[in-house]
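# Per-entry structural report
Residues per chain, in single letters:
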Amino acid sequence: MKIHRVKSAGQGQALAAELFAGISDESPDSPVGLATGGTMSGVYSALATDGFCPKFSDAFALDEYQGISPASENSYANELTRKFTEPLNFQGKIHVPGQGDYAGQQGPKQFEKTITKLGPLSVQLLGIGVNGHIAFNEPGSSFYSKTRVVELHQETIKSNLVYFDGPASMPTHAVTQGLSTIKQASKLLLLVLGEAKEFALSKAINYPDESTPLAALLDHPGLELITDLNY
Ligand code: F6R
(Lines give C-alpha, C1' and ligand atoms only; values in the text may rest on other atoms or scores of the structure.)
Protein backbone atom coordinates (compact mmCIF):
# COMPACT_ATOMS: atom_id res chain seq x y z
CA MET A 1 0.00 0.00 0.00
CA LYS A 2 1.28 3.43 -0.94
CA ILE A 3 0.56 6.04 1.73
CA HIS A 4 0.16 9.77 1.08
CA ARG A 5 0.19 11.73 4.34
CA VAL A 6 -1.55 15.09 4.15
CA LYS A 7 -2.05 17.90 6.65
CA SER A 8 -5.77 18.51 6.15
CA ALA A 9 -8.90 17.08 4.55
CA GLY A 10 -8.77 19.78 1.87
CA GLN A 11 -5.20 18.86 0.96
CA GLY A 12 -6.19 15.18 0.77
CA GLN A 13 -9.16 15.89 -1.47
CA ALA A 14 -7.03 18.09 -3.78
CA LEU A 15 -4.41 15.34 -4.02
CA ALA A 16 -7.07 12.70 -4.74
CA ALA A 17 -8.44 14.89 -7.54
CA GLU A 18 -4.96 15.25 -9.05
CA LEU A 19 -4.25 11.50 -8.87
CA PHE A 20 -7.71 10.57 -10.20
CA ALA A 21 -7.29 12.95 -13.17
CA GLY A 22 -3.80 11.63 -13.97
CA ILE A 23 -4.74 7.93 -13.79
CA SER A 24 -7.99 8.27 -15.74
CA ASP A 25 -6.31 10.41 -18.44
CA GLU A 26 -3.66 7.71 -18.93
CA SER A 27 -6.35 5.10 -19.71
CA PRO A 28 -9.11 7.04 -21.48
CA ASP A 29 -10.72 3.82 -22.78
CA SER A 30 -11.22 2.42 -19.28
CA PRO A 31 -14.16 3.32 -17.06
CA VAL A 32 -13.70 4.79 -13.58
CA GLY A 33 -15.34 4.20 -10.21
CA LEU A 34 -17.05 7.03 -8.30
CA ALA A 35 -18.19 7.27 -4.68
CA THR A 36 -20.51 9.66 -2.84
CA GLY A 37 -20.61 11.37 0.55
CA GLY A 38 -18.96 14.36 2.18
CA THR A 39 -15.37 13.32 1.49
CA MET A 40 -16.02 12.86 -2.23
CA SER A 41 -17.83 16.19 -2.57
CA GLY A 42 -14.49 17.90 -1.90
CA VAL A 43 -12.75 15.74 -4.50
CA TYR A 44 -15.35 16.60 -7.16
CA SER A 45 -15.14 20.32 -6.30
CA ALA A 46 -11.35 20.15 -6.67
CA LEU A 47 -11.72 18.44 -10.08
CA ALA A 48 -14.08 21.22 -11.20
CA THR A 49 -11.74 23.94 -9.88
CA ASP A 50 -8.84 22.30 -11.76
CA GLY A 51 -10.91 22.39 -14.98
CA PHE A 52 -10.75 18.60 -15.33
CA CYS A 53 -12.38 17.26 -18.53
CA PRO A 54 -13.21 13.54 -18.29
CA LYS A 55 -11.86 11.50 -21.22
CA PHE A 56 -13.56 8.25 -20.13
CA SER A 57 -17.09 7.51 -21.29
CA ASP A 58 -18.33 5.24 -18.50
CA ALA A 59 -18.29 5.53 -14.73
CA PHE A 60 -19.64 3.13 -12.11
CA ALA A 61 -21.14 4.21 -8.80
CA LEU A 62 -20.39 2.14 -5.71
CA ASP A 63 -23.84 2.01 -4.18
CA GLU A 64 -27.39 3.35 -3.94
CA TYR A 65 -30.26 3.22 -1.46
CA GLN A 66 -32.69 0.42 -2.24
CA GLY A 67 -35.90 1.53 -3.99
CA ILE A 68 -35.11 5.28 -3.98
CA SER A 69 -36.14 7.42 -6.95
CA PRO A 70 -33.21 9.04 -8.82
CA ALA A 71 -35.26 12.25 -8.59
CA SER A 72 -34.82 12.25 -4.80
CA GLU A 73 -32.07 14.57 -3.54
CA ASN A 74 -30.91 11.72 -1.30
CA SER A 75 -30.35 9.25 -4.11
CA TYR A 76 -26.71 8.70 -4.96
CA ALA A 77 -27.59 8.82 -8.67
CA ASN A 78 -28.93 12.33 -8.06
CA GLU A 79 -25.90 13.33 -5.98
CA LEU A 80 -23.51 12.23 -8.75
CA THR A 81 -25.49 14.18 -11.34
CA ARG A 82 -25.28 17.35 -9.21
CA LYS A 83 -21.69 16.97 -8.04
CA PHE A 84 -19.97 15.20 -10.94
CA THR A 85 -21.92 15.16 -14.23
CA GLU A 86 -23.11 18.78 -14.21
CA PRO A 87 -20.05 20.66 -12.90
CA LEU A 88 -17.63 18.62 -15.04
CA ASN A 89 -19.91 18.58 -18.08
CA PHE A 90 -19.50 14.79 -18.23
CA GLN A 91 -21.07 13.50 -21.46
CA GLY A 92 -20.78 9.80 -20.68
CA LYS A 93 -22.85 7.42 -18.56
CA ILE A 94 -22.80 6.75 -14.83
CA HIS A 95 -23.97 3.18 -14.11
CA VAL A 96 -25.68 3.11 -10.70
CA PRO A 97 -26.56 -0.20 -9.02
CA GLY A 98 -30.28 -0.50 -8.34
CA GLN A 99 -31.18 2.18 -10.94
CA GLY A 100 -32.28 1.94 -14.60
CA ASP A 101 -31.05 -1.29 -16.24
CA TYR A 102 -29.85 -2.45 -12.82
CA ALA A 103 -33.19 -2.24 -10.98
CA GLY A 104 -35.10 -5.32 -9.86
CA GLN A 105 -34.08 -8.79 -8.80
CA GLN A 106 -31.70 -9.37 -11.72
CA GLY A 107 -30.19 -5.87 -11.37
CA PRO A 108 -27.14 -6.76 -9.28
CA LYS A 109 -26.21 -9.59 -11.68
CA GLN A 110 -26.64 -7.28 -14.67
CA PHE A 111 -24.45 -4.66 -12.96
CA GLU A 112 -21.71 -7.26 -12.41
CA LYS A 113 -21.94 -8.33 -16.08
CA THR A 114 -21.57 -4.74 -17.30
CA ILE A 115 -18.64 -3.93 -15.03
CA THR A 116 -16.88 -7.11 -16.20
CA LYS A 117 -17.61 -6.32 -19.86
CA LEU A 118 -16.44 -2.68 -19.75
CA GLY A 119 -13.81 -3.04 -17.01
CA PRO A 120 -11.44 -3.23 -15.37
CA LEU A 121 -11.81 0.29 -13.99
CA SER A 122 -8.61 2.35 -14.20
CA VAL A 123 -9.30 3.88 -10.79
CA GLN A 124 -11.90 3.58 -8.04
CA LEU A 125 -12.42 6.43 -5.55
CA LEU A 126 -13.21 5.19 -2.03
CA GLY A 127 -14.09 6.62 1.36
CA ILE A 128 -14.92 4.73 4.55
CA GLY A 129 -17.65 4.92 7.14
CA VAL A 130 -16.89 5.40 10.83
CA ASN A 131 -17.62 1.68 11.27
CA GLY A 132 -15.13 0.79 8.52
CA HIS A 133 -17.74 0.18 5.84
CA ILE A 134 -16.64 0.37 2.23
CA ALA A 135 -19.47 1.38 -0.10
CA PHE A 136 -22.39 -0.24 1.81
CA ASN A 137 -20.39 -3.34 2.70
CA GLU A 138 -21.06 -3.25 6.42
CA PRO A 139 -19.02 -5.01 9.14
CA GLY A 140 -19.28 -8.78 8.67
CA SER A 141 -19.41 -8.57 4.84
CA SER A 142 -17.54 -11.33 3.06
CA PHE A 143 -14.28 -10.27 1.47
CA TYR A 144 -15.50 -12.28 -1.59
CA SER A 145 -18.85 -10.45 -1.85
CA LYS A 146 -20.37 -9.29 -5.15
CA THR A 147 -23.00 -6.65 -5.97
CA ARG A 148 -26.11 -7.35 -3.88
CA VAL A 149 -28.87 -5.92 -1.70
CA VAL A 150 -27.78 -5.39 1.91
CA GLU A 151 -29.36 -4.27 5.16
CA LEU A 152 -27.85 -1.06 6.53
CA HIS A 153 -26.04 -1.19 9.86
CA GLN A 154 -27.63 0.80 12.74
CA GLU A 155 -24.53 3.03 12.90
CA THR A 156 -24.86 3.86 9.19
CA ILE A 157 -28.56 4.65 9.58
CA LYS A 158 -27.69 6.92 12.51
CA SER A 159 -25.02 8.85 10.63
CA ASN A 160 -27.00 9.16 7.36
CA LEU A 161 -30.33 10.04 9.01
CA VAL A 162 -29.33 13.73 9.01
CA TYR A 163 -29.88 13.81 5.23
CA PHE A 164 -33.48 12.52 5.48
CA ASP A 165 -36.70 14.07 6.86
CA GLY A 166 -36.91 11.47 9.61
CA PRO A 167 -36.56 7.75 10.36
CA ALA A 168 -39.69 6.91 8.35
CA SER A 169 -38.12 8.17 5.10
CA MET A 170 -34.66 6.70 5.75
CA PRO A 171 -34.10 3.52 3.70
CA THR A 172 -33.08 0.42 5.64
CA HIS A 173 -31.54 -1.36 2.65
CA ALA A 174 -29.16 -0.52 -0.18
CA VAL A 175 -27.60 -2.05 -3.28
CA THR A 176 -23.83 -2.11 -3.13
CA GLN A 177 -20.87 -3.34 -5.10
CA GLY A 178 -19.25 -6.20 -3.23
CA LEU A 179 -15.74 -6.08 -1.81
CA SER A 180 -14.45 -8.43 -4.50
CA THR A 181 -16.18 -6.33 -7.20
CA ILE A 182 -14.41 -3.22 -5.93
CA LYS A 183 -11.05 -5.00 -5.89
CA GLN A 184 -11.23 -5.62 -9.66
CA ALA A 185 -10.24 -1.96 -10.26
CA SER A 186 -6.58 -1.47 -11.22
CA LYS A 187 -6.08 1.35 -8.70
CA LEU A 188 -7.93 2.08 -5.48
CA LEU A 189 -7.69 5.66 -4.20
CA LEU A 190 -8.82 5.46 -0.59
CA LEU A 191 -9.41 8.66 1.39
CA VAL A 192 -9.44 8.35 5.18
CA LEU A 193 -9.74 11.90 6.49
CA GLY A 194 -10.75 13.15 9.92
CA GLU A 195 -10.48 11.79 13.45
CA ALA A 196 -13.88 10.05 13.26
CA LYS A 197 -12.31 7.50 10.88
CA GLU A 198 -9.20 6.81 12.97
CA PHE A 199 -10.58 3.84 14.93
CA ALA A 200 -11.73 2.03 11.75
CA LEU A 201 -8.41 2.58 9.98
CA SER A 202 -6.34 1.45 12.92
CA LYS A 203 -8.57 -1.61 13.49
CA ALA A 204 -8.36 -2.65 9.82
CA ILE A 205 -4.57 -2.45 9.86
CA ASN A 206 -3.98 -4.07 13.24
CA TYR A 207 -6.84 -6.63 13.26
CA PRO A 208 -7.63 -7.25 9.59
CA ASP A 209 -10.75 -9.41 9.67
CA GLU A 210 -14.33 -9.27 8.39
CA SER A 211 -15.43 -7.04 11.28
CA THR A 212 -13.79 -4.14 9.37
CA PRO A 213 -14.57 -4.27 5.61
CA LEU A 214 -11.70 -1.89 4.86
CA ALA A 215 -9.36 -4.79 5.74
CA ALA A 216 -10.42 -6.55 2.50
CA LEU A 217 -8.56 -3.96 0.44
CA LEU A 218 -5.19 -4.04 2.18
CA ASP A 219 -3.60 -6.71 -0.07
CA HIS A 220 -4.62 -4.90 -3.31
CA PRO A 221 -1.39 -4.05 -5.23
CA GLY A 222 -2.80 -0.76 -6.50
CA LEU A 223 -4.07 0.57 -3.18
CA GLU A 224 -3.14 4.20 -2.39
CA LEU A 225 -4.20 5.60 0.97
CA ILE A 226 -4.58 9.35 1.44
CA THR A 227 -4.83 10.24 5.11
CA ASP A 228 -4.38 13.07 7.59
CA LEU A 229 -4.27 10.59 10.48
CA ASN A 230 -1.31 9.28 12.46
CA TYR A 231 -2.78 5.85 13.10
C1 F6R B 1 -20.72 6.16 -0.57
C2 F6R B 1 -19.73 5.27 0.07
C3 F6R B 1 -19.50 5.31 1.53
C4 F6R B 1 -18.79 6.60 1.95
C5 F6R B 1 -18.56 6.61 3.46
C6 F6R B 1 -17.92 7.90 3.92
O7 F6R B 1 -20.76 5.93 -1.96
O8 F6R B 1 -19.13 4.50 -0.60
O9 F6R B 1 -18.73 4.21 1.91
O10 F6R B 1 -17.56 6.70 1.29
O11 F6R B 1 -19.78 6.43 4.13
O12 F6R B 1 -18.81 8.95 3.77
P13 F6R B 1 -18.38 10.43 4.16
O14 F6R B 1 -17.34 10.84 3.21
O15 F6R B 1 -19.65 11.22 4.02
O16 F6R B 1 -17.89 10.36 5.58
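Here the structure is shown first, and the text comes after it.
If you're wondering where the values come from, they're calculated on a predicted model, not measured in any experiment. (Residues numbered from 1 in each chain as written. Predicted model: local features only at pLDDT ≥ 70, side-chain atom pairs only at ≥ 80, totals over all residues. Heavy atoms only, no water.)

Here is a general trend for soluble globular proteins: nonpolar side chains tend to be buried in one another's company. Within the largest apolar cluster, 58 residues are counted, with the highest numbers of intra-cluster contacts made by F20 and L34. The dominant element in this core, judged by the number of residues it contributes, is helix α1 (residues 9-26), at 6 residues. If sequence neighbours within four positions are ignored, F20 has contacts with V32, G33, L34, L47, F52, F56, V123, L125 and L189. Core analysis: the next-biggest nonpolar cluster, separate from the first, contains 10 residues, Y65, I68, I157 and A174 among them. (Core = buried A, V, L, I, M, F, W, Y, C linked by side-chain atoms within 4.5 Å. Buried < 20%, exposed > 50% of the residue type's maximum accessible area, 1.4 Å probe, protein only. Helix = DSSP H or I, 4+ residues; strand = E, 2+ residues; numbered from the N terminus. Contact = heavy atoms within 4.5 Å.)

All right, on to the packing of aromatic side chains then. In total, this model carries 13 aromatic pairs according to the counting rule given. Judged by centre distance (5.3 Å) and plane angle (85°), the ring pair of Y65 and F164 falls under edge-to-face. Here the residue Y65 occupies a position in strand β4 (residues 63-65), and F164 occupies one in the loop between α5 (154-160) and β8 (173-176), the gap between them amounting to 99 residues. When its relative accessible area of 3% is taken as the criterion, Y65 is described as buried. Centre to centre, the rings of F84 and F90 are 5.6 Å apart; their planes meet at 80°, and the pair counts as edge-to-face. When its relative accessible area of 0% is taken as the criterion, F84 is described as buried. According to the relative accessible area criterion, F90 is buried, its value standing at 6%. Aromatic ring contacts, followed pair by pair, group F20, Y44, F52, F56, F84 and F90 into a single cluster. (Phe/Tyr/Trp six-rings, centres within 6.5 Å; stacked < 30°, edge-to-face > 60°.)

The next point concerns the pattern of salt bridges. Scanning all chains against the criterion turns up 5 salt bridges. D25 serves as the salt-bridge partner of K55, at 3.5 Å between the closest nitrogen and oxygen. In this pair, K55 sits in the loop between α2 (38-49) and β3 (58-61) while D25 sits in helix α1, placing the two residues 30 residues apart along the sequence. Of the charged contacts, one joins D219 and K183 as a salt bridge, the two residues approaching to 2.6 Å between their closest N and O atoms. With D219 in the loop between α7 (198-206) and β10 (223-227) and K183 in the loop between α6 (179-182) and β9 (187-192), this residue pair connects regions lying 36 residues apart in the sequence. Judged by its relative accessible area of 58%, D219 is exposed. A relative accessible area of 24% means that K183 is categorised as partly exposed. (Salt bridge = Lys/Arg side-chain N within 4 Å of Asp/Glu carboxyl O.)

The next subject is the site of the ligand. Near the ligand lie 13 residues; those nearest to it are T36, G38, T39, D63 and H133. A distance of 2.7 Å separates an oxygen atom of the ligand from a polar side-chain atom of T36. The side chain of H133 places a nitrogen or oxygen atom 2.8 Å from an oxygen atom of the ligand. Coverage of the ligand by the protein amounts to 85% of the 410 Å² it exposes when considered alone. Here the ligand occupies the largest pocket. (Near = heavy atom within 4 Å. Polar contact = N/O pair within 3.5 Å; in protein donor to acceptor, adjacent residues only side chain to side chain. Areas by Shrake-Rupley, 256 points an atom, 1.4 Å probe, with all protein chains shown as cover. 1 Å grid on protein atoms, 1.4 Å probe; cavity = no way out; pocket = protein on both sides within 12 Å on 5 of 7 lines; lining within 4 Å. Sits in = over half its atoms within 2 Å of the grid points.)

Among the 5 residues of β10, 5 are classified as buried, and the element is accordingly described as predominantly covered. Of the two faces of β10, the one holding L223, L225 and T227 and the one holding E224 and I226 are both buried throughout. Two strands pair when backbone bridges link them, and strand β1 (residues 2-5) and β10 are joined in this way by 4 bridges, in the parallel orientation. Bridging across to β10, R5 finds its partner in T227. At this point the chain moves from β9, through α7, to the parallel β10, and the crossover so formed is right-handed. (Pairing = 2+ DSSP bridges. Right-handed = clockwise from strand over helix to strand, strands pointing away.)

A separate point is the packing of α1 against α2. Helix packing for two helices is described by the angle between their axes and how far apart those axes are. As a packed pair, α1 and α2 sit with axes 8 Å apart at the nearest point and diverge in direction by 60°. By the angle between their axes, α1 is oblique relative to α2. The interaxial crossing formed by α1 with α2 has right-handed handedness. In this structure, α1 contributes Q13, A14, A16, A17, F20 and A21 to the contact, and α2 contributes G38, T39, G42, V43, A46 and L47. Taken together, the residues of the contact of α1 with α2 break down into 8 nonpolar, 4 polar and no charged. (Axes fitted to C-alpha atoms, helices over the stretch in contact; angles between N-to-C directions. Parallel < 35°, antiparallel > 145°, perpendicular 65-115°, else oblique. Left-handed = near helix turned anticlockwise from the far one by under 90°. Nonpolar A, V, L, I, M, F, W, Y, C, P; charged D, E, K, R; others polar.)

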